[in-house]
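Understanding the architecture of this molecule
This is what each chain is made of:
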Amino acid sequence: MGNFYKDNDDIQFLFRHIDFKRLAKLCEEEFRFAAEFDYAPSDAGEAVENYEMVLDALGELSADFIAPRAENVDREGNTLHEDGTVTRAKGIAEALEKLAQAEVMGFTLPYRFGGLNFPNLLYSMATEIISRADASLMNIFGLQGIAETINAFACEELKQEYLPPFAEGKVTGAMVLTEPDAGSDLQAVKLRAFEDEKGNWFLHGVKRFITNGCGDVLLVLSRSEPDRSGGLGLSLFVCEPGPTVHIRRLEDKLGIHGSPTCEIFFDNTPCKLIGERKRGLAPYVATLMNGARIGIAAQSMGIAEAAYRIARDYAASRRQFGVAIERLPAVRDMLIEMKIAVEAGRALLYETSRIVDLAVAYNKRVEENPPEDKSELKELKNDARSYKRYAGMLTPMAKYLCSEMCNQVAYDAIQVLGGSGYMRDYASERHARDARITTIYEGTSQLQIVAAVRGVCSGTTEKYLADLAGLPYVDEVKDLIDKLAEGVEQLKVAVEFVKDKGNDYMDLYGRALTDIAIALINGHLLCDQASTKVPMDVAVAPGVSSANGQVVAMKQRKALVARRYVEKNAPKIKALTDLICQGDRSTFSDYEALVGPVQEQ
Ligand SMILES: Cc1cc2nc3c(=O)[nH]c(=O)nc-3n(C[C@H](O)[C@H](O)[C@H](O)COP(=O)(O)OP(=O)(O)OC[C@H]3O[C@@H](n4cnc5c(N)ncnc54)[C@H](O)[C@@H]3O)c2cc1C
């Protein structure tokens, strides 16, 4: 029996290293739910035990049930029938049934709707574990954000109608935003929402590229204010499939074959308004997308982990020039880089999810249960504001880093396998195909950078890095913290330079600035992991200096990870800073000459 939680030392380590008890206390609101719901925990210990039990169960389900079906799911895909209905790949349908039986389809929903009220961090861990087994299944498991959006913004009547079946796994949802002329720029959405004289709402128009558009609960971003262009003319509606919802096409695509991608025509479809008019894009869809971005970062982690593992195993068994290829410097270097990239991505994703949990919990406390003492309230509000700002900056960073990382790792995994990696005999080629979408949907990498760089240039990164620098680090990594402090100074120079040059220059060098910021944040996070108090040993591969079965303390191993990460990134940070400060504007001045005209056909 396999288990994708139990066989993953890093996830297990982070589960212990991160203060889950604090998150449990906040999510459970001092454990007040225990009196009302018999499955709600009554203390932090019980909550954390429940969390781990769920990861364990999902780890087993992922290894033994979902992963063995992934290859067939990829080959079979989904089928669109003439009557517009869609049949899911068999393995996906079976896995969804299992997930419903495991009662994990209402991960973060409140108890009163049958949810588990779990922290977002745990959801990210679960999503990663499931994605490692089958990235395309994650697309449907990960659409729990639809229920969360209804919970956050809809009226009580709609919550009562939709949330319990979601939590029971009886329905799945879709986020229906993209149109042919509105992709990255959702302010351009045209699909019309109109009201009849009785106040009933209807939808008319086309949406495309909709994951699980054949699902049961569709959240549709629509133009309810025909005279108003831009985001302020948009509202969010919920509708269900029926005779006026036509799935016109299933996309034939590169990867995630188990995830149906639909074009939908709404032909005067009855629908209901979520929340208030004109707030559809901001804040409703913006909030939905922030959650979904973390979901894609977790999906990316799962794909990267799966890809890395195949490469690591192959490198140990494949022999060329009389040795296992892992003995060759170029191959072993690739493997180390892949492994560290996975751990760095995970560090950022889990930290982001933790900060999101804190932001949600502090905001809830301010709104629903503020302390009477004025200075306590002021402090609480300040903390809530800081966590919200950090979450707003870290979310696009995590989506950007993890998705780009998973593409690199999946690409390198094929390289480690050589010709075999290109063949369907190994899952590596599927991982590379599945990875490709992660930098595109839920906002492309370019759009994540546009969002992240605001935090970098507004001082949020600096403040967050100062918080990180104040953590208690062990002596073994103090020199690394000093090196990171030099990087922070370089970032300040780069930010000042960019701010002086204007917004177009900031856009142009947004990626470089974001890369520096992420390298500095991750450097601290890895040093923090190396300073852990968790007593845990992990296995070392047998090699020149280690025998079979040898172990090392995780703390010691993490110090090696942190050292390599920080030392390899220090010159890159310096080089990126130099690049930014060169002031090169040739992208603007020389574009036409450098790219040449579009050729006449
Ligand atoms: C498999 C799949 C599943 C999907 N699932 C869903 C779903 O469930 N629901 C949904 O609503 N949508 C979904 N989408 C749509 C997806 O979110 C969009 O494809 C994505 O946001 C990009 O939009 P676009 O394809 O129109 O590209 P465009 O917006 O046309 O972008 C093209 C290029 O221009 C760049 N670009 C655009 N604007 C900027 C900018 N301001 N700064 C810098 N670069 C920019 C982009 O980065 C990209 O490189 C899905 C797409 C795919 C392929």
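On a predicted model such as this, the values are computed, not experimentally measured, just so you know.

Lining the immediate surroundings of the ligand are 17 residues, of which Met 175, Thr 178, Ser 184, Phe 209 and Thr 444 lie closest. Between the ligand and Thr 211, the relevant distance is 2.7 Å, taken from a nitrogen atom to a side-chain nitrogen or oxygen of the residue. Separating an oxygen atom of the ligand from a side-chain N or O atom of Gln 446 is a distance of 2.9 Å. For the ligand, whose free accessible area comes to 970 Å², the fraction covered by protein is 64%. Put simply, the parts of the chain that give the shell around the ligand at least two residues each are strand E5 (201-211) and helix H14 (445-457). With three residues, the top contributor of residues to the shell around the ligand is E5. The class makeup of the residues in the shell around the ligand is eight nonpolar, seven polar and two charged.

Attention now goes to the UniProt feature "domain: Acyl-CoA dehydrogenase/oxidase C-terminal" (unreviewed entry) in the protein. UniProt feature "domain: Acyl-CoA dehydrogenase/oxidase C-terminal" (unreviewed entry): in the numbering of this structure it lies at residues 284-356 and 391-449. As annotated, residues 284-356 has a helix share of 85% and a strand share of 5%, and its two end C-alpha atoms lie 16 Å apart. What you have in residues 391-449 is 76% helix and 0% strand, and the ends, taken at the C-alpha atoms, are 14 Å apart.

Bringing the packing of aromatic side chains into the picture now. Counted under the stated rule, the structure contains 20 aromatic pairs. Each member of the aromatic cluster is reached from another via a ring pair, and the members are Tyr 5, Phe 15, Phe 20, Tyr 51, Phe 107, Phe 118, Tyr 123 and Phe 141. Here the guanidinium or amino end of Arg 69 rests over the ring plane of Phe 65, the centre of that ring lying 3.6 Å away.

With that settled, consider the pairing of strand E9 (residues 261-273). The pairing of E5 with E9 spans nine bridges and is classified as antiparallel. Opposite Thr 211, over in E9, you have Thr 261 as the bridge partner. Relative to E9, strand E7 (residues 234-239) runs antiparallel, the two sharing two bridges. Across the sheet, the residue bridging to Val 238 is Lys 272, located in E9.

So, about helix H3 (residues 44-76). The sharpest bend along H3 comes to roughly 45 degrees, located at Ile 66, with the proline Pro 68 sitting one to four residues further on. In this structure Asp 43 caps H3, since a side-chain oxygen of it lies 3.1 Å from the backbone nitrogen of Gly 45. Note on H3: the residue one or two positions beyond its end, Gly 77, has a positive phi of about 65 degrees.

This brings us to the packing of helix H15 (residues 460-469) against helix H18 (residues 510-530). At a closest axis distance of 10 Å, the pairing of H15 and H18 adopts a crossing angle of 20 degrees. One element, H15, and the other, H18, form an angle in the roughly parallel class. Considering how the two elements wind past one another, H15 and H18 form a crossing that is left-handed. Mapping the contact onto sequence places Thr 461, Tyr 464, Leu 465, Leu 468 and Ala 469 in H15 and Ala 517, Leu 520, Ile 521, His 524 and Leu 525 in H18. Taken together, the residues of the contact of H15 with H18 sort by class into eight nonpolar, two polar and no charged.

Our focus in this paragraph is the UniProt feature "domain: Acyl-CoA dehydrogenase/oxidase N-terminal" (unreviewed entry) in the protein. Under the present numbering, the feature "domain: Acyl-CoA dehydrogenase/oxidase N-terminal" (unreviewed entry) in UniProt falls on residues 50-170. With 67% helix and 3% strand, residues 50-170 has end C-alpha atoms that lie 23 Å from one another.

Helix length check: helix H16 (residues 478-501), at 24 residues, gives a terminal C-alpha distance of 35 Å against a target of 34 Å (1.5 Å per residue), a fit within 8%. Buried residues belonging to H16 abut H14, H15, helix H17 (503-508), H18 and helix H19 (554-581).

Within the secondary structure, Val 104 sits in the loop between helix H4 (90-101) and helix H5 (120-133). When near neighbours in sequence (up to four residues on either side) are disregarded, Val 104 contacts Val 54, Leu 58, Leu 99, Leu 116, Phe 141 and Gln 144.

To continue, consider the pattern of salt bridges. This model, assessed by the stated rule, comprises 44 salt bridges. Across the salt bridge formed by Glu 179 and Lys 207, the nearest N and O atoms sit 2.9 Å from each other. Taken together, the positions of Glu 179 in the loop between strand E3 (173-176) and strand E4 (192-195) and Lys 207 in strand E5 put the pair 28 residues apart, joining distant regions of the chain. Overall, the relative accessible area of 5% leaves Glu 179 in the buried class. Judged by relative accessible area, which is 0%, Lys 207 ranks as buried. Of the charged contacts, one joins Arg 309 and Glu 305 as a salt bridge, the two residues approaching to 2.6 Å between their closest N and O atoms. One end of the pair, Arg 309, and the other, Glu 305, are both in helix H9 (residues 280-317), four residues apart, so they sit about a helical turn from each other. Glu 305 gets classed as buried once you look at its relative accessible area, which sits at 4%. Three or more residues are tied together by salt bridges with common partners; here these are Asp 7, Asp 10, Glu 128, Arg 132, Glu 305, Arg 309, Lys 339, Glu 343, Arg 346, Arg 557 and Lys 558.

To continue, consider the nonpolar core. Leu 99, Phe 107, Met 397, Leu 513 and Ile 521 are the most contacted members of the largest nonpolar core, which has 142 residues in total. Examining the composition of this core, we find that 18 residues originate from one element, helix H11 (residues 374-417), more than from any other. Among all residues touching Met 397, those that are not within four sequence positions of it are Leu 348, Ala 452, Val 456, Thr 461, Thr 514, Ala 517, Ile 518 and Ile 521. The next biggest cluster of nonpolar side chains, apart from the first, holds 31 residues, and it includes Leu 186, Val 189, Leu 219 and Leu 288.

As a further point, take the side chain of Thr 461. Structurally, Thr 461 can be placed in helix H15. According to the relative accessible area criterion, Thr 461 is buried, its value standing at 0%. Once residues within four sequence positions are removed from consideration, Thr 461 is found in contact with Met 393, Met 397, Gly 455, Val 456, Leu 491 and Ala 517.

Right, let's get into a positive patch on the surface. A cluster of like positive charges, contributed by Lys 381, Arg 385, Arg 389 and Lys 463, occupies part of the molecular surface. If you tally residues by element for the positive patch, the top one is H11, at three residues. Within the fold, Lys 463 resides in helix H15. On the accessibility criterion, Lys 463 (39% relative accessible area) is partly exposed.

Definitions and cut-offs
- Residues numbered from 1 in each chain as written.
- Predicted model: local features only at pLDDT ≥ 70, side-chain atom pairs only at ≥ 80, totals over all residues.
- Heavy atoms only, no water.
- Near = heavy atom within 4 Å.
- Polar contact = N/O pair within 3.5 Å; in protein donor to acceptor, adjacent residues only side chain to side chain.
- Areas by Shrake-Rupley, 256 points an atom, 1.4 Å probe, with all protein chains shown as cover.
- Helix = DSSP H or I, 4+ residues; strand = E, 2+ residues; numbered from the N terminus.
- Nonpolar A, V, L, I, M, F, W, Y, C, P; charged D, E, K, R; others polar.
- UniProt positions renumbered as here; feature names shortened; annotations may be inferred.
- Phe/Tyr/Trp six-rings, centres within 6.5 Å; stacked < 30°, edge-to-face > 60°.
- Lys NZ or Arg CZ within 6 Å of the ring centre and 35° of its normal.
- Pairing = 2+ DSSP bridges.
- Bend = angle between axes of the 7 residues up to and from the residue.
- Axes fitted to C-alpha atoms, helices over the stretch in contact; angles between N-to-C directions.
- Parallel < 35°, antiparallel > 145°, perpendicular 65-115°, else oblique.
- Left-handed = near helix turned anticlockwise from the far one by under 90°.
- Contact = heavy atoms within 4.5 Å.
- Expected span 1.5 Å × (residues − 1).
- Salt bridge = Lys/Arg side-chain N within 4 Å of Asp/Glu carboxyl O.
- Buried < 20%, exposed > 50% of the residue type's maximum accessible area, 1.4 Å probe, protein only.
- Core = buried A, V, L, I, M, F, W, Y, C linked by side-chain atoms within 4.5 Å.
- Patch = residues over 30% accessible without salt bridge, like charges linked within 9 Å, V, L, I, M, F, W, Y side chains within 5 Å.
- Lys, Arg positive; Asp, Glu negative; His and termini not counted.
- Charge placed at Lys NZ, Arg CZ, Asp CG, Glu CD.

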